[in-house]
Amino acid sequence: MSIRISGLTLHYAGVATPAVVDVDLEVATGELVTLLGPSGSGKSTTLRCVAGLERPTRGTIAIQGDVVCDMSRRGWVKPEHRQLGMVFQSYAVWPHLSVFDNIAYPLRIRRLDKSRMREKVEAVAELVALSAFLGRSATQLSGGQQQRVALARALVAEPRAILFDEPLSNLDAKLRERMRREIKALVRKTGLTALYVTHDQAEAFAISDRIAVMDTGRISQVGAPREIYRQPSSRYVADFVGAANIVAGIVTSGLFRAGDLGLELPVTAGDGAAEAAIRPEQITLSTAPAPGSRAAQEIDREYLGGYAMLNLRLGETELRVHVAADDVPDAGTPIWITIPASAPVFLGPATSPASQA
């Protein structure tokens, strides 16, 4: 593994709740793994521990087999000796320097020969489409171009891995979408190992080989984007990642039942109150009864461009249903819904949202 994190815990003095708790994560060579979570979930703190910008309370971190942090032995390698590149949320470009000098800064610190420095800067500038801008002042660049400067500066010293801390947060929506494609393509092209932090789910799903969903300093689930979305392991993951209907039911003799919806799902769990998740796009809506369908009452609807989200009620249960804009029935039209047997994901014993916070 290129990056291996084991038992990572960071407890700030005077703060009751640890910032990071027993985080275990492995990132393979050439893999892009994203730490995804809301503010305060521990994702940036974990990244900063890998970078050497935070000193954990306990745990170990190894990069390409070299242990850079082992708190049980007081082993600690300084950030500048870890051979990592890092791209921050702020572009952190020096306005008084040219694009060339901004990119070359890590090489100047290492006192690299000038001809070799120029060769390296020109090569990485071509990689990030900045060759035509090397002589310009950084202040003459757009936000996207400045972020490319930051990316080139992180790459120019040929790091063992590259770390991204919310690098696209300061960009507008369209530019953010374009830059995430460029980052993904660049990581693939260079074969670099990447650890990426974001709170943006679309960003995480678009670029990641795997996603680690974090909550209150812990990793709740690690998996490929499709696995995280289709097979959430807990109420927290189901509710945080995308839209989800969390439906209540009862487990009796190995069968989960949600009466209002007519759901019956074989499970391996003890008897008692439990929950399942259903994604809004998995529910089929019709304006006439069909085999297995149930009548629903519309509460309201939200138009969201190419689709609409209908909020429906069936008995005591409320559901959100994702419907293509062209298929949205007229207001007041009778509605029936059908839930495929494969749609519900069993989440386990019932928990309140507050207990997940």
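You'll find the structure just up there.
Keep in mind it's a predicted model, so treat the numbers as computed, not measured. (Residues numbered from 1 in each chain as written. Predicted model: local features only at pLDDT ≥ 70, side-chain atom pairs only at ≥ 80, totals over all residues. Heavy atoms only, no water.)

Enquirer: Would you mind showing me how to read the overall build of the protein here?
Expert: Helix and strand content of the protein: 9 helices and 21 strands. Here the C-alpha coordinates of the protein stretch approximately 75 × 50 × 35 Å along the principal axes. Partitioning the contacts of the protein with sequence separation of at least 6, the portion at a separation of at least 24 is 64%. Of the accessible surface of the protein, which amounts to about 17,100 Å², a share of 49% is contributed by carbon and sulfur atoms. Of the side chains in the protein, 39 bear a positive and 38 a negative charge, and the two mean positions are spaced by 9 Å. (Helix = DSSP H or I, 4+ residues; strand = E, 2+ residues; numbered from the N terminus. Contact = heavy atoms within 4.5 Å. Areas by Shrake-Rupley, 256 points an atom, 1.4 Å probe, with all protein chains shown as cover. Lys, Arg positive; Asp, Glu negative; His and termini not counted. Charge placed at Lys NZ, Arg CZ, Asp CG, Glu CD.)

Enquirer: Please clarify how the packing of helix H2 (residues 99-109) against helix H4 (residues 143-155) should be interpreted in this entry.
Expert: Two quantities define a packed helix pair, namely the angle between the helix axes and the distance between the axes. The N-to-C vectors of H2 and H4 enclose an angle of 30°; their axes lie 7 Å apart at closest approach. Overall, the two elements H2 and H4 adopt an arrangement that is roughly parallel. Judged by the twist between their axes, the crossing of H2 over H4 is right-handed. Of H4, the residues touching H2 (which contributes Val99, Asn102, Ile103 and Pro106) are Val149, Ala152 and Arg153. Within the contact of H2 with H4, the residues separate by chemical class into 5 nonpolar, 1 polar and 1 charged. (Axes fitted to C-alpha atoms, helices over the stretch in contact; angles between N-to-C directions. Parallel < 35°, antiparallel > 145°, perpendicular 65-115°, else oblique. Left-handed = near helix turned anticlockwise from the far one by under 90°. Nonpolar A, V, L, I, M, F, W, Y, C, P; charged D, E, K, R; others polar.)

Enquirer: Is there a simple way to explain the nonpolar core in this structure?
Expert: A general tendency of soluble globular proteins is for nonpolar side chains to be buried together. Grouped together as the largest cluster of nonpolar side chains are 40 residues, with contacts concentrated most on Ile103, Val121, Leu151, Leu155, Ile162 and Phe164. Of all the elements in the fold, those that place two or more residues in this core are H2, helix H3 (114-127), H4, strand S8 (161-165), helix H5 (173-190) and strand S9 (193-198). The dominant element in this core, judged by the number of residues it contributes, is H4, at 6 residues. In this structure, Ile5, Ile63, Cys69 and Val197 belong to the second largest nonpolar core, which totals 27 residues. (Core = buried A, V, L, I, M, F, W, Y, C linked by side-chain atoms within 4.5 Å. Buried < 20%, exposed > 50% of the residue type's maximum accessible area, 1.4 Å probe, protein only.)

Enquirer: Could you clarify how one ought to interpret the pairing of S9 in this entry?
Expert: A regular strand places its side chains so that they alternate between the two faces of the sheet. Across the 6 residues that make up S9, a large majority, 6, are buried. In S9, alternate side chains face the same way, and those of Thr193, Leu195 and Val197 on one face and Ala194, Tyr196 and Thr198 on the other are all buried. Direction of pairing for strand S3 (residues 32-36) relative to S9: parallel, over a ladder of 5 bridges. Bridged to Leu35 within S9 is Val197. (Pairing = 2+ DSSP bridges.)

Enquirer: Would you take a moment to explain unusual backbone geometry for this structure?
Expert: The backbone of Gln83 sits at a positive phi, close to 55°, despite the residue not being glycine. Here Gln83 is to be found in the loop between strand S6 (75-76) and strand S7 (84-87). Phi is positive for Arg111, which is not a glycine, with a value near 55°. Looking at the secondary structure, you find Arg111 in the loop between H2 and H3. With a relative accessible area of 76%, Arg111 lands in the exposed category.

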